[in-house]
Amino acid sequence: MIIKGINILIAGGGTGGHLFPAFAIGKRLEKEGANVFYIGSMHGIEKNYKEELKDKLYLLNIKGINRNISLKSLLNNLMFPFRFVISYIKSIIIIRKIKPKIIIGTGGYSSGLPLLVGILFNIKSIIHEQNSYPGITTRFLSKKVNQVFISYNNIKDNIVGSNYLFTGNPVRDNLIKISKNDACNQMKINPAKKNYIYIRW
């Protein structure tokens, strides 16, 4: 498919695990000549890129469901249906404005709504799943989108349909490549020994 000059919308965010693959995909598509736009949540880390991306980034007032028990979580969950409807309508308005030929979802609670709108309008819709176990968006929409790109082969056992393609995880160009030995030397770690990292929350 020739993508030079076409508009592509990439939906996803909330966390870096969904946002940075979206940026990596977007940068590559821009190199091929596509016009790339992003859509995410005003409550995710993508909001920090609004000044940089300007009119290339659209933000929805959508949050995920809270699973912990608290008054704040209860209020957030009660607001979810209203946020969902408003954000769905806003997604329709944005997509009609951009007129993308392709919508790519990279996961997170902000990716499902644009994908649903894309399916409604018969726009070619794609999911990229970065995890070894598919997220809610992938599990729910895998049968409805045109293609699911997977990063681990075992994920195909947990998605509906056979429209998957193994691509691996996209990596940003600005990441510094370093060998295992160089990394161990910098961190003063013996590469011949097993090393364990303990994270204190």
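Here, the structure is the one placed above.
Right, let's walk through the structure included here. (Residues numbered from 1 in each chain as written. Predicted model: local features only at pLDDT ≥ 70, side-chain atom pairs only at ≥ 80, totals over all residues. Heavy atoms only, no water.)

Turning our attention to the sheet that holds strand S3 (residues 57-60). Taking strand neighbours across the sheet as the criterion, the seven strands line up as S3-S2-S1-S4-S5-S6-S7 in an open arrangement whose pairing is parallel. Only two strands of the sheet have a single neighbouring strand rather than two, namely S3 and strand S7 (164-166). The average angle at which neighbouring strand axes cross in this sheet is 20°, direction not considered. Bridge analysis of strand S2 (residues 35-41) against S3 gives four bridges, and the strand direction is parallel. Following the sheet pairing, Tyr-38 is matched in S3 by Leu-57. Lying over the sheet, helix H4 (residues 112-120) contacts strand S1 (7-11), S2, S3, strand S4 (102-105) and strand S5 (124-129), oriented at roughly 150° with respect to S5. (Pairing = 2+ DSSP bridges. Helix = DSSP H or I, 4+ residues; strand = E, 2+ residues; numbered from the N terminus. Axes fitted to C-alpha atoms, helices over the stretch in contact; angles between N-to-C directions. Contact = heavy atoms within 4.5 Å.)

Next up on the list: the nonpolar core. Judged by nonpolar contacts, the single largest core of 23 residues is most densely connected at Leu-9 and Ile-39. If you list the elements that add at least two residues to this core, you get S1, S2, S3, helix H3 (71-98), H4 and strand S6 (147-150). No other element matches the four residues that H3 contributes to this core. Other than its neighbours up to four places away in sequence, Ile-39 contacts Leu-9, Ile-10, Ala-11, Gly-12, Leu-57, Tyr-58, Leu-60, Ser-91, Ile-94, Ser-110 and Pro-114. Residues Ile-6, Ile-10, Ala-22 and Leu-57 belong to the second largest nonpolar core, which totals 18 residues. (Core = buried A, V, L, I, M, F, W, Y, C linked by side-chain atoms within 4.5 Å. Buried < 20%, exposed > 50% of the residue type's maximum accessible area, 1.4 Å probe, protein only.)

Applying the stated criterion to the full structure yields four aromatic pairs. Taking the centre distance of 5.2 Å and the plane angle of 90° together, the rings of Phe-23 and Tyr-38 count as edge-to-face. Of the two residues, Phe-23 sits in helix H1 (residues 16-31) while Tyr-38 sits in strand S2, which places them 15 residues apart along the sequence. What makes Tyr-38 buried here is its relative accessible area of 5%. Considering the side-chain rings of Phe-80 and Phe-84, the 6.0 Å spacing of their centres and the 50° angle between planes classify their relative orientation as tilted. On the criterion of helical spacing, the pair formed by Phe-80 and Phe-84 is a turn pair, its members being four residues apart in helix H3. Judged by its relative accessible area of 25%, Phe-80 falls in the partly exposed class. The partly exposed category is assigned to Phe-84, whose relative accessible area is 32%. (Phe/Tyr/Trp six-rings, centres within 6.5 Å; stacked < 30°, edge-to-face > 60°.)

As far as function goes, none of this settles anything; it's purely spatial.
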